[in-house]
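Residue-level structural notes
The chain contents come next:
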Amino acid sequence: MGEPANPGGPAGPRGRRPGPPNPAPGGTTTLHRAHRRTRRREARRARRAARRGWPRGILLALLALVVLVLAGGLALYIWAGTQLRQTSALTGYAGRPAESKGTTWLLIGSDSRSGLTPEQREDLHVGGGGERNTDSLMLLHRGAHGPYLISLPRDSYVPIPGHGRGKINSAYALGGPELLSRTVEEATGLRLDHYAEVDFLGFTEVVDALGGVRICLDEPLRDPRSGADFPAGCRTTDGTEALAFVRARYTDPAGDLGRAERQRQLIGALADKALGPSVLLNPFTLVPATDAALAAVTVDRGTAVHDLGTLGAAVQNTAGGRGSTTTVPVAGTTGAGSAGDVVLWDRRRADQLFTALRQDRPIPAFAAK
């Protein structure tokens with residue numbers, strides 16, 4: 001018989017092979033667990049770092065955008081300064097009114113046809129002729145109160161230095177911006193700080209560059225001579241329609257006074273559109289609109305681009321109810337020989353209005369609207 005199996009041999013008791021010994025502390029399994037814990041910690045640190053880096057990335061992107069916008073704005077501002085058209089509208093003369101408080105602008109719309117083609121004259125319903133009158137005159141005063149936008153009826157009968165009495169708008173034809181500014185200063189007692197003039201064609205191009213402006217009417221307005229044909233309600237007008245809107249007067253019972261009110265309404269809508277986010281935040285609208293405005297506007301030599309910005313903001317405030325718009329008080333109309341029908345100011349109330357503006361006080365209640 002053979003020898004019995006060795007109990008301690010390779011097969012072990014009952015013929016089973018012994019398994020591997022339990023790993024000692026610090027053995028292979030412990031190392032794996034430590035490695036996994038390390039990787040989890042690193043992953044958590046990476047996620048935290050990513051979460052911290054996300055806001056920093058957004059901030060850097062926003063800063064880059066701000067720098068880009070500021071650089072673009074600065075470039076546009078510098079370019080605009082080189083394109084600004086200026087004229088010697090405000091000149092010194094003996095007896096000129098003293099400087100007053102606040103800032104006063106003379107805003108005019110010129111009805112010169114000299115730069116228009118026959119086709120443009122027909123489209124704009126302005127007829128022929130090369131006369132240079134002013135189709136609209138307004139004073140814009142800003143200071144401690146207001147701002148105030150005051151219309152001066154174009155047929156106002158006032159003294160024109162060196163030419164006797166006549167319609168205020170004829171001063172432009174007789175002596176250009178210089179004589180017109182002096183006429184307004186002497187008639188109102190206000191010293192003008194700035195002058196801005198817009199011509200027919202330039203006005204329409206500014207409106208078109210802005211994509212039109214919105215106007216609202218309580219009643220229909222139709223005037224074949226100006227081309228106005230507006231139903232009651234609200235609509236967005238293009239440049240040609242906007243010009244017809246501000247020039248209509250022959251079928252308006254209020255005549256020139258009604259037209260002055262519409263002119264204030266439209267200039268407010270124009271400023272509100274130009275300074276709104278749809279324009280200021282859209283370079284594809286802002287740049288063409290700025291180009292059109294600079295081509296349309298002529299200012300006095302003391303006016304800079306930033307002055308036009310404050311002017312626009314003041315007009316926008318009047319449109320938004322943060323100021324007042326009115327017309328110089330009138331006493332009525334009368335015939336004045338070769339001058340035709342003219343508008344006479346209510347001298348007492350007009351003086352009260354202009355005195356308040358000179359002293360930068362709230363305008364009288366009868367004038368505030």
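In this report, we go over the structure that sits alongside the text. (Residues numbered from 1 in each chain as written. Predicted model: local features only at pLDDT ≥ 70, side-chain atom pairs only at ≥ 80, totals over all residues. Heavy atoms only, no water.)

Moving on: the side chain of Asp360. With respect to the helices and strands, Asp360 occurs in the segment after helix H10 (347-358). It turns out Asp360 is buried and unbridged, and the closest side chain with the opposite charge, Lys101, is 7.1 Å from it. At a separation of 2.8 Å, a polar atom in the side chain of Asp360 contacts the main-chain amide nitrogen of Ala144. Every residue in contact with Asp360, bar those within four places of it in the chain, is listed here: Lys101, Gly102, His141, Gly143, Ala144 and His145. (Helix = DSSP H or I, 4+ residues; strand = E, 2+ residues; numbered from the N terminus. Buried < 20%, exposed > 50% of the residue type's maximum accessible area, 1.4 Å probe, protein only. Lys, Arg positive; Asp, Glu negative; His and termini not counted. Salt bridge = Lys/Arg side-chain N within 4 Å of Asp/Glu carboxyl O. Polar contact = N/O pair within 3.5 Å; in protein donor to acceptor, adjacent residues only side chain to side chain. Contact = heavy atoms within 4.5 Å.)

Once that is clear, we can look at the sheet that holds strand S7 (residues 194-199). Spatially, the 7 strands line up as an open sheet ordered S1-S12-S7-S2-S3-S4-S13, and their pairing is mixed. Strands at the two margins of the open sheet, each flanked by one partner only, are strand S1 (85-87) and strand S13 (324-327). Pairs of neighbouring strands in the sheet enclose a mean axial angle of 25°, with direction left out of account. Pairing of strand S2 (residues 103-110) with S7, which is carried by 6 bridges, proceeds in the parallel orientation. Across the sheet, residue Leu107 finds its bridge partner in S7, namely Ala196. This element, helix H4 (residues 200-209), spans S2, strand S3 (134-142) and S7 of the sheet and lies at about 85° to S7. (Pairing = 2+ DSSP bridges. Axes fitted to C-alpha atoms, helices over the stretch in contact; angles between N-to-C directions.)

Turning to the environment of Gly335, a few remarks are in order. Relative to the helices and strands, Gly335 is located in strand S14 (residues 330-335). Judged by its relative accessible area of 51%, Gly335 is exposed. Other than its neighbours up to four places away in sequence, Gly335 contacts Gly340 and Asp341.

If you trace the backbone, Ser181 turns up in helix H3 (residues 170-188). What makes Ser181 buried here is its relative accessible area of 2%. Within the structure, the side chain of Ser181 is placed 3.3 Å from the backbone oxygen of Ala89, a separation counted as a polar contact. Leave out the neighbours within four places in its chain, and Ser181 touches Ala89, Leu90, Leu106, Leu192 and Tyr195.

What follows deals with the state of the cysteines. What is meant by a disulfide is a covalent connection between two cysteines, made through their sulfur atoms. Inspection of every chain in the model, using the stated rule, returns 1 disulfide. There is a disulfide in this structure between Cys216 and Cys234, and the S-S distance comes to 2.0 Å. A torsion of 110° about the S-S bond marks the disulfide between Cys216 and Cys234 as right-handed. Of this pair, Cys216 sits in strand S8 (residues 213-217) while Cys234 sits in strand S11 (residues 233-237), placing them 18 residues apart in sequence. In this structure Cys216 comes out as partly exposed when scored by relative accessible area, which is 37%. (Disulfide = S-S within 2.5 Å.)

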